[in-house]
Amino acid sequence: MVFDIDMIKKLYAALPGKVEATRKLLGRPLTLAEKILYAHLYAPTTSSYERGKSYVEFAPDRVAMQDATAQMALLQFMTCGRASVAVPSTVHCDHLIQAKTGAAEDLATAINTNKEVYDFLSSISDKYGIGFWKPGAGIIHQVVLENYAFPGGMMIGTDSHTPNAGGLGMLAIGVGGADAVDVMAGLAWELKMPKLIGVKLTGKLSGWASPKDVILRVAGILTVKGGTGCIVEYFGEGADSMSATGKGTICNMGAEIGATCSVFAYDQKMSDYLKITSRAEVAELADGVREHLRPDEAVYQNPDKFYDQVIEINLDELEPYVNGPFTPDLAWPISKFAQAVKENNWPEKLEVALIGSCTNSSYEDISRSASLAKQAIDKKLKVHSEFTITPGSELVRYTIERDGLLNTFDQIGGVVLANACGPCIGQWARHIDDPNRKNSIITSFNRNFAKRNDGLASTHAFVASPEIVTALAIAGDLTFNPLTDTLKNVNGEDVKLDEPTGFELPPKGFDVKDAGYQAPAADGSGVEVIVSPTSDRLQLLAPFKPWEGTDLKGLKLLIKAKGKCTTDHISMAGPWLKYRGHLDNISNNMLIGAINAYNDKTDNVKNQLSGEYGAVPATARAYKAANVGSIVVGDENYGEGSSREHAAMEPRHLGVRAILVKSFARIHETNLKKQGMLALTFNDKDDYEKVQEDDTIDIIGLTSFAPGKSLTVVLYHSNGTEDSITVNHTYNEQQIEWFKAGGALNVIRAQFAA
Ligand code: SF4
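Quick caveat: nothing in here was measured; it's all calculated off a predicted structure.

**Remarks on the overall build of the protein**
For the protein, the count of helices and strands is 26 helices and 30 strands. Here the C-alpha radius of gyration of the protein, 27 Å, is about what a compact globule of 754 residues would show, namely 27 Å. Dimensions of the protein, computed from C-alpha atoms along their principal axes, come out at roughly 90 × 60 × 50 Å. Across the 754 residues that make up the protein, the buried fraction comes to 54%. Of the contacts formed within the protein by residues at least 6 apart in sequence, a portion of 77% connects residues at least 24 apart.

**Side note on the packing of helix 11 (residues 268-276) against helix 12 (residues 280-288)**
At a minimum axis distance of 7 Å, the contact between helix 11 and helix 12 shows a crossing angle of 150°. With respect to helix 12, the element helix 11 is oriented roughly antiparallel. The segment helix 11 lies against helix 12, with Ser271, Leu274 and Lys275 engaging Ala280, Val282, Ala283, Ala286 and Asp287. Considering only residue class, the contact of helix 11 with helix 12 consists of five nonpolar, one polar and two charged.

**Topic: the sheet that holds strand 21 (residues 517-518)**
The mixed open sheet is built from six strands, whose spatial order is 6-5-2-3-4-21. Looking at the sheet topology across the chains shown, the edges are occupied by strand 6 (171-174) and strand 21. Where strand 4 (residues 131-133) lies against strand 21, two bridges are found, and the strand directions are antiparallel. Note that in strand 21 the partner of Trp133 across the bridge is Tyr517. The strands touched by helix 5 (residues 115-128) are strand 3 (89-92), strand 4 and strand 21; relative to strand 4, the strand with the most contacts, the crossing angle is about 155°. Sheet strands in contact with helix 6 (residues 140-147) are strand 2 (62-66), strand 3, strand 4 and strand 5 (154-157), and its direction is about 150° off that of strand 2.

**Some remarks on the environment of Pro325**
Checked against the element boundaries, Pro325 lands in the loop between strand 12 (321-323) and strand 13 (331-333). What makes Pro325 buried here is the crowd of 23 C-beta atoms within 10 Å. Expressed as a C-alpha distance, the spacing of Pro325 and Ala185, which sit 140 residues apart in the sequence, is 42 Å.

**What to know about the site of the ligand**
With respect to spatial proximity, 13 residues lie near the ligand, and among them Ser357, Cys358, Cys421, Cys424 and Ile425 are the closest. Partitioned by chemical class, the residues of the shell around the ligand number seven nonpolar, four polar and two charged. Here the shell around the ligand spans two domains, since at least three of its residues come from each of domain 1 (5-317) and domain 2 (321-495).

**Focus on unusual backbone geometry**
Following Gly324, the chain continues into Pro325 via a peptide bond in cis, with omega recorded as 0°. Phi angles above zero are rare outside glycine, and Thr223 is one such case at about 65°. Among the structural elements, Thr223 can be located in the loop between helix 8 (211-222) and strand 9 (230-235). Classification of Thr223 as partly exposed rests on a count of 17 C-beta atoms within 10 Å. For Lys380, which is not a glycine, the phi torsion comes out positive at approximately 55°. With respect to the secondary-structure elements, Lys380 resides in the loop between helix 16 (363-378) and strand 15 (386-390). With 13 C-beta atoms packed within 10 Å, Lys380 lands in the partly exposed category.

**Focus: helix 4 (residues 103-113)**
All of the buried residues along helix 4 are Ala103, Asp106 and Ala110. Down the axis of helix 4, the buried side of the element spans an arc of 75°, and every buried residue falls inside it. The exposed residues of helix 4 that point more than 90 degrees off its buried face are Ala104, Glu105 and Asn112.

**Re helix 22 (residues 616-625)**
Among the 10 residues of helix 22, seven are classified as buried, and the element is accordingly described as predominantly covered. Within the span of helix 22, buried status applies to Val616, Pro617, Thr619, Ala620, Arg621, Ala622 and Tyr623. The inward-facing, buried residues of helix 22 abut strand 22 (552-560), strand 23 (605-606), strand 24 (613-614), strand 25 (630-634) and strand 26 (656-661). Just downstream of helix 22, Asn627 is the residue with a positive phi angle, here 60°.

**Some points on the confidence of the model for the protein**
Per-residue confidence for the protein gives a mean pLDDT of 96; residues scoring 70 or more make up 100%. The ipTM, which scores confidence in the relative placement of chains, is 0.99 for this predicted complex, and the corresponding pTM is 0.92.

**A few points about the domain arrangement of the protein**
Frequently, the measure chosen for interface size is the accessible area that the parts lose on association. If you check the domain split of the protein, you get domain 1 (5-317), domain 2 (321-495) and domain 3 (552-753). Distance between the C-alpha centres of domain 1 and domain 3: 34 Å. Among the secondary structure elements, those contributing two or more residues to the side of domain 1 that touches domain 3 are helix 3 (67-78) and helix 7 (177-185). Of the residues forming the side of domain 1 that touches domain 3, the biggest block, five residues, is contributed by helix 3.

**Brief notes about the UniProt feature "domain: Aconitase A/isopropylmalate dehydratase small subunit swivel" (unreviewed entry) in the protein**
UniProt feature "domain: Aconitase A/isopropylmalate dehydratase small subunit swivel" (unreviewed entry): in the numbering of this structure it lies at residues 557-684. Span residues 557-684 is 27% helix and 19% strand, its end C-alpha atoms 19 Å apart.

**Some remarks on the pairing of strand 10 (residues 261-264)**
The side-chain alternation of strand 10 yields two buried faces, one formed by Cys261 and Val263 and the other by Ser262 and Phe264. Examined bridge by bridge, strand 9 and strand 10 share four bridges and lie parallel to one another. Across the sheet, residue Glu233 finds its bridge partner in strand 10, namely Val263.

Definitions and limits used
- Residues numbered from 1 in each chain as written.
- Predicted model: local features only at pLDDT ≥ 70, side-chain atom pairs only at ≥ 80, totals over all residues.
- Helix = DSSP H or I, 4+ residues; strand = E, 2+ residues; numbered from the N terminus.
- Rg over C-alpha atoms; globule rule 2.2 N^0.38 Å.
- Buried ≥ 20, exposed ≤ 12 C-beta atoms within 10 Å, placed from the backbone.
- Contact = placed C-beta atoms within 7 Å.
- Axes fitted to C-alpha atoms, helices over the stretch in contact; angles between N-to-C directions.
- Parallel < 35°, antiparallel > 145°, perpendicular 65-115°, else oblique.
- Nonpolar A, V, L, I, M, F, W, Y, C, P; charged D, E, K, R; others polar.
- Pairing = 2+ DSSP bridges.
- Near = placed C-beta within 6 Å.
- Domains from an automatic or database assignment.
- Arc of directions from axis to C-beta.
- pLDDT = per-residue confidence, 0-100.
- UniProt positions renumbered as here; feature names shortened; annotations may be inferred.

Right, here's the structure in full:
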């Protein structure tokens, strides 16, 4: 079930040859990231790729999807005609569980509320050979670390904290659903060759300092944008001295500096973790190719030569950090934090302290936090904040319950939440007397943007290690520094907390009764995918129609969008998230955030058939019903923002035939091409001004559509005049086939039908 050992054997067998070939190709020693990247090329290359410039096609080993993003990804995958996924893939039910009272009740409520989504995900996983982790099984990244991550591998996941698997030496990258569809369908996955940041860790963590403090410090140095387009590679004796789960925490939060992903080299700690999580065979195989799962020795000697940027952190001197509020890169060493709280007038009283999540719920994290909870009991300290514990997986939860750690938390009033995202993603029914009152919370999670945890703009959220979060929960006061300060116990005595202690790995091993895994059917051909025809959250997709083989004539201008038009303007999030698995329903948000260039209003455009003004989706539907194609015109960098495929699928669904803009955000442009849409740019950007509100539009030249060859757009204005303008495109041969077939998945389906 769990991992595909044959795939790992194959990869490792080919690894020495591929690494040597890459060394020859680049003519120098290699970093670890380069070894893994070049070992995962979709097709062999004879030329090297330029970091930060070249677009490269990769063949990842695995795909992981969480329940919110998996819905549309799998609905699309279904239409490609494959009997099963091309690479091992898993679905994890973690995002839809709301934290309210405690694990058992909250889980039962979620299973009831989201039944149709879970039934769909379970049945479609069963049919297409996808491992399904039920609600309550755990959070995607923790489950991946425990079961699937392996040194030297490459995976993509439809969640931004997928890089967590870098803790086991894997290049693991967060992507949108459309990318997951490509890889599951057997297509290449494209990424701009990342730049490399090296982080050299010297010394060794001790006392209150933890791996979390490493990444909180790095976030302070690099800021939330500093890792954009980069892989962060950690190395040095300090790296090798940290537990694999601690490494995972650091890689997880690489997302907070915008990094493509982060990675550590294979070492004894990883081997130990693989063995204790029932993967001794993987550890043994990895030992056999150990030198290829680490950077070349010369890289250690002279890192500046091989990385684009190098940072050095001495773990011997590292203080615990508290980052926030409102951004994870506002980094305060604990010795300076109390002063910052006072100077900035942040609420000193700590109302809720939350530990766990995918970022920090390892046995090490929990046992060290529990050692502090135990001290609170022994030293007769009252715990002043609300305190919650979110285990990252059932494996962790069961083990920490068996070992009495949950009981310790229970004794200080801790509430155990479901093994799910909960308060980390705003799925938290927080009890607060006045939602407008300024208040402080602290978590061991990763993100702390305004409203992220509880939806309240008044909440000041800070991020720290689970040890610091637990100590501050006991104090109930943000200005408490557990390294230096004392607390009054119930007898009125001043007592000090000792440094936390714990175990990297459970001394009695891990244990679990029911991990919550459902293996797919060996032959899924007879399995029926469960989608109720009356559901408003899920809808099976029909393949888009192929191109009719002629130029497109008589199109109506749907909207000329002015200024910024991001994927949020095109397909808004918030309340619409609920419909991410229902293309027709979510299409009612299409372009409702875009500004109409003719009246400066949002969601108000002229319907040329009726002459009336109305909502963009309703107007598009009117054209579609009348069998009239439409066209969207946009400004610069159209479609920037997230990689959400809905922003390309919705216009396609509502009969838009082309998007013509001054320039595209690249991912959105590719998404449009994949959905069989025409993505065009003005040859002369000033021609944007020539487009008028009542225009009827032809697109000419499609019968000889070819790479590098411009097309012509004719604008027929309502006063009888016309403008003929040149438009460009970036379609290659393959992408033109996608357009002709009506979408990339139709091309794959045709291959499987042949
Ligand atoms: Fe994302 Fe938080 Fe869930 Fe982790 S716990 S997967 S960061 S929402």
